[in-house]
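Residue strings, one per chain:
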Amino acid sequence: MTEPKAQNDLSYDTFAASVQRSRDLEADIQKNPRRHRVLTGDRPTGDLHIGHLFGSLLNRVRLSKLGVDSYIVIADYQVLTDREVFDHISECTLNLATDYIASGLDPDSGNVFIFPHSGVPELNQLLLPFLNLVSIAELERNPTVKEEIEASKMTHMNAGMFTYPVHQAADILFCKATTIPVGKDQLPHIELTRQIARRFNAKYGQINPIFPEPEGLLSAAPTILGLDGSKKMSKSRNNSIPLKATADETAKIVKTAVTDSERLITYEPERRPQVANLLEIASYASGVAPEKIAETIGDGGSGKLKSYLTESLNEFLRPLRARRTELEKDPAYVRRALDSGIAKAREVGEKTLLEVRTAMNMYL
Ligand code: TRP
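Criteria and thresholds
As a convention, each chain's residues are numbered from 1 in the sequence order in which they are written. Under the rules for a predicted model, residues below a pLDDT of 70 receive no local features and side-chain atom pairs below 80 are neither given nor counted, while totals for whole chains, interfaces and linings still include all residues. Only hydrogens and water are set aside when side-chain values are computed; all heavy atoms of the structure are taken into account. Under the DSSP-based scheme used, a helix requires at least four consecutive residues in state H or I and a strand at least two consecutive residues in state E, with every element numbered from the N terminus. Both definitions apply: the radius of gyration is a C-alpha atom measure, and the globule rule equals 2.2 Å times residues to the power 0.38. Relative accessibility thresholds used throughout: buried, under 20% of the residue-type maximum; exposed, over 50%; partly exposed, between the two (1.4 Å probe, protein chains only). Whether two residues are in contact is decided by their heavy atoms, any of which lying within 4.5 Å being enough. Surface exposure here means Shrake-Rupley accessible area, sampled with a 1.4 Å probe, where a residue is shielded only by the protein chains that are shown. If a single non-hydrogen atom of a residue is within 4 Å of a molecule or strand, that residue counts as near it. Any N or O atom pair separated by 3.5 Å or less is treated as a polar contact, with the protein-specific requirement of one donor-capable and one acceptor-capable atom, and with residues adjacent in sequence counted only for side-chain atom pairs. In the scheme used here, Gly and all other residues not listed as nonpolar or charged are polar, with Ala, Val, Leu, Ile, Met, Phe, Trp, Tyr, Cys and Pro taken as nonpolar and Asp, Glu, Lys and Arg as charged. The angle between two axes is taken between their N-to-C directions and runs from 0 to 180 degrees, where each axis is a line fitted to C-alpha atoms and a helix contributes only its stretch in contact. The scheme is simple: roughly parallel for angles under 35 degrees, roughly antiparallel for over 145, roughly perpendicular for 65 to 115, oblique for anything else. How far each domain reaches was decided by an automatic or database domain assignment. Summed over both partners, the accessible area lost on bringing two parts together, with a 1.4 Å probe, is the buried area. The rule for a salt bridge is simple: a side-chain nitrogen of Lys or Arg has to be within 4 Å of a carboxyl oxygen of Asp or Glu.

Student: Go over the overall build of the protein, please, and point to the residues and values.
Tutor: Along the protein, the regular secondary structure elements total 14 helices and five strands. The globule rule puts the C-alpha radius of gyration for 364 residues at 21 Å, and the 22 Å found for the protein is close to it. Across the 364 residues of the protein, 48% fall into the buried class. A fraction of 76% describes how many contacts in the protein between residues 6 or more apart in sequence connect residues 24 or more apart. For the protein, the accessible area works out to roughly 18200 Å², and carbon and sulfur atoms hold 53% of it.

This is the structure:
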């Protein structure tokens, strides 16, 4: 017998609706950039690579340059959910901030704020009221968490793993973000965040709703496959090109990419996914359509395809890498950027927390 569903029970099954909302949202951002507030982020687990760059980073840079307020959270507490030890957190945080700034997120622009969430107590405190707005069953059903539990090598699952999506809701709601640029895997967390905003408003904000319901903004770039042909480019699978790789390292990594044995290069994503993936990456880097690149290479085989890819990537990444090298020489700049990001996040978070405690009738 299946249990009757509680009223308003959260369903994670809304991909088509998310795609539609995402399109409407993009149109509105173009028209009214200043009406939107972006929040997004990553776990500081390692070097960002070209999958991040073409999949999400450049989209964030674009939005920030349109003038949209952009809060970028370095999710350091979340890193603890799927590993036993993690002792280089602050180095990883600085490294991630360096990758962000080198990619074009400009902390001096006045509308880009980069901060680790451990630096913002007001954000973290929101976790406590929020935890009481979701059921354990809802958390257990989260498909992304389920996958991460399967992938993790932990022998005992900690409660942090089940509850981090609620923490992520605090990341998003503490600054009343409206727009969350993410990949498809993060949509369940956004759905949960919307539900928490709705439930909080219904329970404590009948007269003055406190939280907007944020929307996911799906990037136009499809997922970049790993160079080994596996489903996703990821550092842990050793199949990626880090942003900070040198031109020579890039050439070496590209040489290891898996292709097929057909000499004539054609763009056929269904039949030849690995070759298509390399053509797509070359296309993002060069601005030339993948079909055109395939035509240019013709029967030059995968050797020629790989040199084309290496050259176009190295060309595209040159300014980013130069900026990265400068930043590495000036870690104090990166620290200042993070400190001012934290200061701004705390200022905003303090306001929200006060509203929340007032609405909940806590002692003030
Ligand atoms: N969970 C996200 C990831 O693993 C990172 C993240 C943390 C995030 N907080 C966020 C993403 C808020 C978007 C919004 O990639």
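Student: Describe the site of the ligand, and please don't skip the residues or the numbers.
Tutor: The environment of the ligand is made up of 13 residues, and the closest members are R43, Q78, Q168, D171 and Q186. One of the side-chain nitrogen or oxygen atoms of Q186 is found 3.1 Å away from a nitrogen atom of the ligand. Relative to its free-state accessible area of 370 Å², the ligand is covered by the protein chains to the extent of 90%. Broken down by secondary-structure element, the contributors of at least two residues to the shell around the ligand are strand 1 (37-42), helix 8 (159-173) and strand 4 (179-182). Each residue belonging to the shell around the ligand can be placed in one class, and the counts come to six nonpolar, five polar and two charged.

Student: Lay out the packing of helix 13 (residues 301-329) against helix 14 (residues 331-359) in plain terms, naming residues and giving numbers.
Tutor: Running from amino to carboxyl end, helix 13 crosses helix 14 at an angle of 90°, the nearest separation of the two axes being 5 Å. Here helix 13 is positioned roughly perpendicular relative to helix 14, judged by the angle of their axes. Touching R323, L327, E328 and K329 of helix 13 are P331, Y333 and V334, all from helix 14. Looking at the contact of helix 13 with helix 14 residue by residue, the class counts come to four nonpolar, no polar and three charged.

Student: Give a description of the domain arrangement of the protein that names residues and reports values.
Tutor: If you check the domain split of the protein, you get domain 1 (15-221 + 331-359) and domain 2 (247-328). Distance from the C-alpha centre of domain 1 to the C-alpha centre of domain 2: 32 Å. Opposite the 14 residues of domain 1 that make contact, domain 2 presents eleven residues. Contact between domain 1 and domain 2 buries roughly 1100 Å² in total, counting both sides, with carbon and sulfur atoms accounting for 74%. Among the residues of domain 1 in contact with domain 2, I50, F54 and A102 are the three that bury the most area, contributing 45% of the side total. There are one salt bridge connecting domain 1 and domain 2. Close ionic contact of D99 with R324 constitutes a salt bridge, the shortest N to O distance being 2.6 Å. Seen at the junction of domain 1 and domain 2, the total is two residue pairs in polar contact (both at pLDDT 80 or more).

Student: Now, about the pattern of salt bridges: what can you tell me, with residues and values included?
Tutor: Should the charged atoms of two oppositely charged side chains come close, the side chains can pair. What the rule picks out here adds up to 22 salt bridges. With its nearest N and O atoms 3.6 Å apart, the salt bridge here joins E148 to R43. Placement of the pair is E148 in helix 7 (residues 143-151) and R43 in the loop between strand 1 and helix 2 (50-65), with a sequence separation of 105 residues. For the salt bridge of E268 with R271, the shortest nitrogen-to-oxygen distance reads 2.9 Å. Taken together, the shared-partner salt bridges in this structure form one network comprising R21, E191, R194, R198, E213 and E215.

Student: So, the environment of I293: which residues are in play, and what are the values?
Tutor: With respect to the helices and strands, I293 occurs in helix 12 (residues 290-297). Along the primary structure I293 and S283 are separated by ten residues, whereas in three dimensions their C-alpha atoms are 7.5 Å apart. I293 has contacts with L279, A282, S283, S286, V288 and Y308, leaving out every residue within four places of it along the chain.

Student: Quick rundown of the side chain of Q168? Include the residues and the values.
Tutor: Looking at where Q168 falls in the secondary structure, it is placed in helix 8. A relative accessible area of 11% means that Q168 is categorised as buried. The residues touching Q168, leaving out its near neighbours within four places in the chain, are Q78, Q186 and H189.

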